[in-house]
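The primary structure of each chain is shown beneath.
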Amino acid sequence: MSSSHGPAALLVDDLVVRFGELEAVGGVSFAVAPGEVFGLLGPNGAGKTTTIRVLTTLLPPTSGRALVAGHDVRAESLQVRARIGYIPQAISVDGALTAWENLDFYGRVSGVARRERRERIDEAIETMGLAPMLDRLARTLSGGMLRRLEIATALLNRPSVLFLDEPTVGLDPSARRLVWERLQALRAQAGTTILVTTHLMEEAERHCDRVGVIDRGRLVEQGEPGELLERHGTGSLEEVFTTVTGHALGPDGGPGEDPDPNEGRLADVRAQRRVARRLG
Amino acid sequence: MSAHSAASPAGSAERLPAALASGAIARLAEGTLAMAQAEMRKLRHDHLDIVTRSVQPLLWLFIFGTALAHDHVLTIGSLDYHAYLAPGVMAQAAMFIAIFFGLAVIWERDVGQLQRLLATPLSRTAIVLGKAAGACVRALVQALLLLVVIAVAGIGVSWSVDGVLGTLVLLMLGTAAFACMSMLIAAVVKERERFMGIGQLVMMPLFFASSALYPLSAMPGWLHAVARVNPLTYEVQGLRQMLVGVGGAGELWLDFLVVIGFLLVMLAAATRAYPKAIL
């Protein structure tokens, strides 16, 4: 029933992350097959961002194991970082540089050899449809263009796995659709495995091959969207969420305190609003 | 704990992807240069910025300097006070850039960028050094601008190629050190609102308790003692030695040594603390 045949692009096994007393991620396990689009769903503070930070080697796990493209995030972090692309929620391109300069910058820092850089940049421009805006300062780009530029900067090292933390937050529906179109095209062309986090159930339903529902640090359900709807006899992932967690996906992520100190803090909320304002 | 990220995998060269084909040192240099170049490009897009920032040091030089030079309120031998003050103002202006650069970088502009950089094969040292190099680029452009103004104003600086080059090198070392220091402060303070206050709180004592504005001999004993352990004092003394031929009590090599030592300590501390602060 799950499509994890062959060597997994991502393998997460009983992952636990604690910050002092707080357990942000409490024993999460899942696998993602190469070329799959996997959505990690849940409200703010559910542990999505913490999970991504472990998988991108930014945060060491308290216990458990995570393999990315066959490499252990703890023991072989450098190997992992050479094989991934990561677009955090906060804006990661420099508004004071042009789109092309941002691409050049990320090409250099992600270790793309000089002789290949131009070709890789052209390739990323093509994939993300950035040609008309290369000479514009990034701060003058619209939210959707900015996200596509960010994704392009993360493709220069030809990552096997691409991590996107809330890639469509603050985007209007048409910009959102375009971002997803480009991501799907990338997957089709390069076979890139994509892990996205989102709290938009409808978006996950439409664009993800498989989803994992995460709530208060635990993965409470996973599978193909259609399969989940069937299993729980509901018409939307939103209802699946309510069924498996016992609470609704409220605007603030349901009742209770945030178990994940990486999400939902004042600074974080402020940063998120700032992102949304700049994109909008 | 931070050591795991900087580990270089020896002996598995055939399994390395292209991104790791070059060695750790080459990647460090490439990353640092890329960040410095990005800062250069930003300056090119917005040259007004560097001009407006250069106004403050010029005010110090021509208003404060002129006021104190008038009627020889402060006499430093036969030296014109403007000439005495010029290296101090250059060092101060560079330090201001360094400290505000580090503070502004974190929460305002680059939170996402730093998270991204942490997930690339760049080492943490390269990230911190790259940011410091960015501050150095700005400080360098400003220093050149100030030197031009000093030359045009006919301030009695003893111009020599060695002196000017040495000045710029020492200024860059100092700027990198103060940029690292400000990243360290930013990592500790964390709240954006407190940054400005803390920045001022750190900068002003460093500035006043140094030989930037007046000689150490003019200070009371306690202030003299503070100034003696202030790295800015040594930076200013070195600059002054190279630009106007009047140093402090110490030798030029000592000035360089103190600034380099300060840089290494701050770089090590910032490398530990700074990247974690944005998570």
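Residues numbered from 1 in each chain as written. Chains lettered and ligands numbered in written order. Predicted model: local features only at pLDDT ≥ 70, side-chain atom pairs only at ≥ 80, totals over all residues.

Moving on: the overall build of chain A. Scanning chain A from terminus to terminus reveals 10 helices and 10 strands. With 280 residues in all, chain A has 55% of them scored as buried. (Helix = DSSP H or I, 4+ residues; strand = E, 2+ residues; numbered from the N terminus. Buried ≥ 20, exposed ≤ 12 C-beta atoms within 10 Å, placed from the backbone.)

Once that is clear, we can look at helix H7 (residues 124-152) of chain B. Owing to its 3.6 residues per turn, the α-helix aligns residues three or four sequence positions apart on the same side. Here H7 of chain B is 29 residues long and its end C-alpha atoms lie 42 Å apart, about the 42 Å a rise of 1.5 Å per residue gives. Residue Gly 154 of chain B follows H7 of chain B closely and has a positive phi angle near 70 degrees. (Expected span 1.5 Å × (residues − 1).)

This next bit is on the environment of Pro 173 of chain A. As for its placement among the helices and strands, Pro 173 of chain A is situated in helix H6 (residues 173-190). You can call Pro 173 of chain A exposed: it has 9 C-beta atoms within 10 Å.

Further remarks concern the nonpolar core. Within the largest apolar cluster, 157 residues are counted, with the highest numbers of intra-cluster contacts made by Phe 163 of chain A together with Ala 86, Met 90, Ala 94, Ala 98 and Cys 180 of chain B. The element that contributes the greatest number of residues to this core is helix H5 (residues 81-109) of chain B, accounting for 18 residues. Once residues lying within four places of it in the same chain are set aside, the contact partners of Cys 180 of chain B are Val 128, Ala 132, Leu 263, Met 266, Leu 267 and Ala 270 of chain B. (Core = buried A, V, L, I, M, F, W, Y, C linked by C-beta atoms within 7 Å. Contact = placed C-beta atoms within 7 Å.)

Here we take up the sheet that holds strand S1 (residues 10-19) of chain A. Residues and elements named next belong to chain A. Across the sheet, which stays open at both edges, the four strands sit in the order S2-S1-S4-S5 with antiparallel pairing between neighbours. Edge positions in the sheet fall to strand S2 (22-32) and strand S5 (71-72), since each has one partner strand and no second. Pairing of strand S4 (residues 63-68) with S5 involves two bridges; the strand directions are antiparallel. Within S5, the residue paired with Val 68 across the bridge is His 71. (Pairing = 2+ DSSP bridges.)

By a widely used convention, the size of an interface equals the accessible area lost when the partners come together. Contact with chain A, which involves 33 residues of that partner, is made by 30 residues of chain B. For the side of chain A that touches chain B, the secondary-structure elements that each account for two or more residues are helix H2 (77-82), strand S6 (84-87) and helix H3 (99-109) of chain A. Of the residues forming the side of chain A that touches chain B, the biggest block, five residues, is contributed by H2 of chain A.

Residue and element names in this part refer to chain B. A residue-level look at chain B finds 85% of positions with pLDDT of 70 or above and a mean pLDDT of 84. When pLDDT is averaged over each element of chain B, helix H11 (residues 231-244) comes out on top at 93 and helix H1 (residues 3-6) at the bottom at 39. Every residue in residues 1-14 is under pLDDT 50, and counting partners more than four places away or in other chains gives 15 contacts. As a predicted assembly, this complex carries a pTM of 0.85 together with an ipTM value of 0.84. (pLDDT = per-residue confidence, 0-100.)

On to the environment of Asp 80 of chain B, then. All names here are of chain B. Looking at the secondary structure, you find Asp 80 in the loop between helix H4 (55-69) and H5. Here the alpha-carbon distance between Asp 80 and Val 157, two residues 77 residues apart in the chain, equals 9.6 Å. The residues touching Asp 80, leaving out its near neighbours within four places in the chain, are Ala 69 and Gly 156.

So, about the packing of helix H8 (residues 161-189) of chain B against helix H12 (residues 252-277) of chain B. All names here are of chain B. Contact geometry of H8 with H12 gives a least axis separation of 7 Å together with a crossing angle of 30 degrees. By the criterion of interaxial angle, the relationship of H8 to H12 is roughly parallel. H8 and H12 meet at a crossing whose hand is left-handed. Looking at the contact of H8 with H12 residue by residue, the class counts come to 23 nonpolar, one polar and one charged. (Axes fitted to C-alpha atoms, helices over the stretch in contact; angles between N-to-C directions. Parallel < 35°, antiparallel > 145°, perpendicular 65-115°, else oblique. Left-handed = near helix turned anticlockwise from the far one by under 90°. Nonpolar A, V, L, I, M, F, W, Y, C, P; charged D, E, K, R; others polar.)

So, on to unusual backbone geometry. In terms of backbone geometry, most residues other than glycine have negative phi values and most peptide bonds are trans. Residue and element names in this part refer to chain A. At Asp 14, a position not held by glycine, the phi torsion is positive, near 50 degrees. Relative to the helices and strands, Asp 14 resides in strand S1. Judged by C-beta crowding, with 13 C-beta atoms within 10 Å, Asp 14 ranks as partly exposed. With a phi close to 45 degrees, Arg 158 is a non-glycine residue in the positive phi region. Inspection of the secondary structure puts Arg 158 in the loop between helix H5 (143-153) and strand S7 (161-165). On the basis of neighbour counts, which here come to 18 C-beta atoms within 10 Å, the residue Arg 158 falls in the partly exposed class.

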